[in-house]
Number of protein chains: 2
Amino acid sequence: MTAPLHEAHPAGPGRTLPDTQQGMRRRNLARVMHTVSAEGPLSRAAVASRIGLTRAAVSTLVDELIRSGLLEELGPERPGRVGRPGSALAVSGHGPAGIGAEIGVDHLAVCAVDLRGAVRSRTVRYGANRGRAAGPVIEELVGLVRRVVGEAESEGLWPAGLAVAVPGLVARDARTVVRAPNLDWNDTDLGALLPSDFPLAVGNEANFGALAELWLGEGTPRDFLHVSAEIGIGAAVVVDGRLLHGTRGFAGELGHVPVRPDGPACACGGRGCLEQYAGEEAVLRAAGLELGEDRVGLLAGRAADGDEDVRRALRDAGEALGIALTGAVNLLDPQGVVLGGALAGLAPWLLPSLREELARRTAGPACPVSVSRLGSEGPLLGAAHSVIRAVLDDPAAVAERA
Amino acid sequence: MTAPLHEAHPAGPGRTLPDTQQGMRRRNLARVMHTVSAEGPLSRAAVASRIGLTRAAVSTLVDELIRSGLLEELGPERPGRVGRPGSALAVSGHGPAGIGAEIGVDHLAVCAVDLRGAVRSRTVRYGANRGRAAGPVIEELVGLVRRVVGEAESEGLWPAGLAVAVPGLVARDARTVVRAPNLDWNDTDLGALLPSDFPLAVGNEANFGALAELWLGEGTPRDFLHVSAEIGIGAAVVVDGRLLHGTRGFAGELGHVPVRPDGPACACGGRGCLEQYAGEEAVLRAAGLELGEDRVGLLAGRAADGDEDVRRALRDAGEALGIALTGAVNLLDPQGVVLGGALAGLAPWLLPSLREELARRTAGPACPVSVSRLGSEGPLLGAAHSVIRAVLDDPAAVAERA
């Protein structure tokens, strides 16, 4: 039985901790970690002034975090240097590592990220996973995880948890894939197949992509809709810096928002869903192309070469995205929409019609639409960083496990 | 300048209070109030065991709440009775009152609710407000507020705040009506027109209706979409027991979700918005009726009498609602959808086609749709109870003002 990794449903620092002296200590440990992580290196005095506690209280917390290997002292400042007093604190580069994994339709990837956010190890294996049973795919993935963990350990890191991004709906238990149509996996308990020696979270790739955007993107708002695509279209809703999961964990199914209610039948049972107009398969079909590997590369290449059929297909897809996003923007009133994943690579041809549709359907200024710089790396990085965030959010829990 | 009433953007008990000893005390005062409010009358010992504090700590908190007039002791139990020991505590029926007000297209209403949730005074004035300037409407409303406050004071209550429900978009400052098309009010600062002698919050009527459903409905889930209608169609999104406001405070604009993207032009700039199919005006037009007062009564009466044109118009409106809700359910994955406001009275004729549309467009079990029992009383009660909730959430703030 794997231990749950609470960041599968991320909360703010210590939000769910009990309101006791002990709970307050844990929240303050989290506050120190977040402060040093965001602004370090910092002296103890600087940390104290930023979080509004006494220097003595902060020193006790810092000592505990150093003992747990989560913070480290960079050593005394060189004598004669004016300014920052005392020894500066930084989050450890030799402590816990977040292990992120991604199961794509055409690839598997695993990486290890340290507390400082640096990718310390990374491996990718290409090959179609569509139609393969979960067992052998996960076995292959676990091989990659072991290799990455080994590399991280050889650099003095230890795995604080594993988060796995999958292109499908994941139950709120953060281990069961309820439906992944593009892998043909249904009601599959990945938790039973994955390593049990560290905390585990399985999550939707669009959700992890959105978290990466939130944590690593430049100027990403705290309220946004993140839209990504591989074969399907996924989206994630971020409200006040937190993922909206939905009752069953299925929120963000933008691909099945009806765009033209009498349009073509969709596998979901509906008609005229967004996926029927803007999913990779639909766009390839509309452009008269075959479904193969590197579908985005093919579309982007042809569009860049001026292929009018491909450009028209992408323009129509952008229009359908604009209609579906009009509904989403009306419901959620986000600060912005971010196109990530495969959509980022197609943005030059999708964006004009998408933005036009959104603007002409909304009163007042239209919701800004931007393109992710993380692109297809988002879900993998989001998964690894979700483990790191869990450490920052409750360092005491990690210290207990270490 | 009116003081802000923080429940315009409700938070859980004390969520935003600082994490200090003082903050902990305030949160624990809130916990005592919520516990006695939800489960009282309770002895001090029972409160202590429920919130996990010592009896001594609870006694200190209780004494403070009694001094502030928020709790009262019901007196010693009769001797000889076995069981609940000591004197039982209840929330005060003579303390703060929440004043709720509603500006409807055809009426004004004001009520006072005590900490126990009882409506202690209520007044309604009928008459069209459409096209009237905000000044005279608010002047009339303030007259009703003064009368209700007077009645509440004569019963020993004092106003803890005023919350006003309006049929339009309200900015996050909780005082400015940005757009209320059915009143013809735009960018109107109601805060400047309303009384400044107690805390104030102006909010969207669908939002207050949803809060009423959450707090007063039977078996209402904590994640739901509340859909209501007067002339427009409004909705509110509740996630984990909290309203989703959106960046500008405009979340929940279900009425402008595109249902048929090439459909009739809408005042919002879009085409084929839900309001063009399921708004009262659209339904009356489709049924061949004139727009007048008591539109819902007219439609419900005709439908009950078997008028086929009206029934067909309502069936079509239900279908359009089903299409728009399919998109919303896919995005938000709520536990349920609640039809409130005017829609509740039309539910018998809307629901069959609405449910059918939702079911045939969703894989797996369709999202349950229920009908509010509060109906058109929801927004007024939600407004008044939002003031009461603010008292329960931070009783120390109220005690400071008292």
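Keep in mind it's a predicted model, so treat the numbers as computed, not measured.

Undergrad: I keep staring at the overall build of chain A and nothing clicks. Help me out?
TA: Each helix and strand counted, chain A has 12 helices and 15 strands in total. At 22 Å, chain A has a C-alpha radius of gyration in line with the 21 Å of a compact globule built from 402 residues. Overall size of chain A, expressed as C-alpha extent along the three principal axes, is 70 × 50 × 40 Å. Residues counted as buried form 61% of the 402 residues belonging to chain A.

Undergrad: I'm lost on the interface of chain A and chain B in this one. Help?
TA: Reports of interface size often rely on the accessible area that becomes lost once the parts have come together. Listed as interface residues are 49 residues of chain A and, on the opposing side, 48 residues of chain B. Between the two partners, chain A and chain B, sit four salt bridges. Across the pair B:R248 and A:D333 runs a salt bridge, and its minimum N-O distance is 2.8 Å. The set of elements that each furnish at least two residues to the side of chain A that touches chain B consists of α1 (21-39), β12 (233-239) and α9 (308-332) of chain A. Top contributing element to the side of chain A that touches chain B by residue count: α9(A), with seven residues.

Undergrad: Just checking my understanding: could you explain the relation of the copies chain A and chain B for this structure?
TA: The operation relating the pair of chain copies consists of a rotation about an axis and a translation along that axis. For the pair chain A and chain B, the relating rotation is 180 degrees, the translation along its axis is 0.0 Å, and the fit reaches an RMSD of 0.0 Å. Expressed as an axis order, the relation between the two copies is that of a two-fold axis. For chain A, the smallest separation between a C-alpha atom and the rotation axis is recorded for A:R260, amounting to 3.0 Å. Interface overlap between copies is the fraction of interface residues in one copy that are interface residues in the other; for chain A against chain B it reaches 98%, indicating a shared surface.

Undergrad: Looking at this model, I keep getting lost on the sheet that holds strand β4 (residues 107-114) of chain A. Mind explaining?
TA: Within a sheet, each strand pairs with its neighbour through backbone hydrogen bonds, oriented either parallel or antiparallel. Residues and elements named next belong to chain A. Here five strands make up an open sheet; going across it, the order is β5-β4-β3-β6-β10 and the pairing mixed. Two strands bound the open sheet, and with one partner strand each, they are β5 (119-126) and β10 (200-204). Each neighbouring strand pair of the sheet contributes to a mean axis angle of 15 degrees, computed without reference to strand direction. The sheet contact formed by strand β3 (residues 96-103) and strand β6 (residues 158-166) spans seven bridges and is parallel.

Undergrad: Explain the pairing of strand β12 (residues 233-239) of chain B to me, please; I cannot follow it from the model alone.
TA: In the case of a regular strand, side chains alternate between the two sheet surfaces. All names here are of chain B. Summarising burial for β12: six of the seven residues are buried, a large majority. With six bridges joining them, strand β11 (residues 224-229) and β12 adopt antiparallel strand pairing. Bridging from a neighbouring strand, S228 pairs with G234 of β12. Where β11 folds back on β12, the antiparallel hairpin that results is connected by three residues. Where β12 meets strand β13 (residues 242-243), two bridges bridge the pair, whose relative direction is antiparallel. Looking at β13, one finds that V238 is bridged to L243. As consecutive antiparallel partners, β12 and β13 are separated by two residues, and within that stretch D240 has a phi angle of approximately 50 degrees, a positive value.

Undergrad: Help me understand the environment of A:V238 in this model?
TA: All names here are of chain A. Looking at the secondary structure, you find V238 in strand β12. Of the residues examined, V238 reaches a relative accessible area of 2% and is grouped as buried. Residues V238 and F224, 14 residues apart in the sequence, show an inter-C-alpha distance of 5.3 Å.

Undergrad: I'm lost on the packing of helix α9 (residues 308-332) of chain B against helix α10 (residues 341-360) of chain B in this one. Help?
TA: Relative placement of two packed helices is described by the angle separating their axes and the distance separating the axes. Residue and element names in this part refer to chain B. Across the interface, α9 lies against α10 with an axial gap of 7 Å and an inter-helix angle of 45 degrees. One element, α9, and the other, α10, form an angle in the oblique class. Crossing of α9 against α10: the hand is right-handed. Facing R311, L314, R315, A317, G318, E319, L321, G322, I323, L325, T326 and V329 of α9, the residues of α10 in contact are L346, W349, L350, S353, L354, E357 and L358. Taken together, the residues that form the contact of α9 with α10 break down as 11 nonpolar, four polar and four charged.

What counts and what doesn't
Residues numbered from 1 in each chain as written. Chains lettered and ligands numbered in written order. Predicted model: local features only at pLDDT ≥ 70, side-chain atom pairs only at ≥ 80, totals over all residues. Heavy atoms only, no water. Helix = DSSP H or I, 4+ residues; strand = E, 2+ residues; numbered from the N terminus. Rg over C-alpha atoms; globule rule 2.2 N^0.38 Å. Buried < 20%, exposed > 50% of the residue type's maximum accessible area, 1.4 Å probe, protein only. Contact = heavy atoms within 4.5 Å. Salt bridge = Lys/Arg side-chain N within 4 Å of Asp/Glu carboxyl O. Least-squares fit on C-alpha atoms with pLDDT ≥ 70 in both. Pairing = 2+ DSSP bridges. Axes fitted to C-alpha atoms, helices over the stretch in contact; angles between N-to-C directions. Parallel < 35°, antiparallel > 145°, perpendicular 65-115°, else oblique. Left-handed = near helix turned anticlockwise from the far one by under 90°. Nonpolar A, V, L, I, M, F, W, Y, C, P; charged D, E, K, R; others polar.

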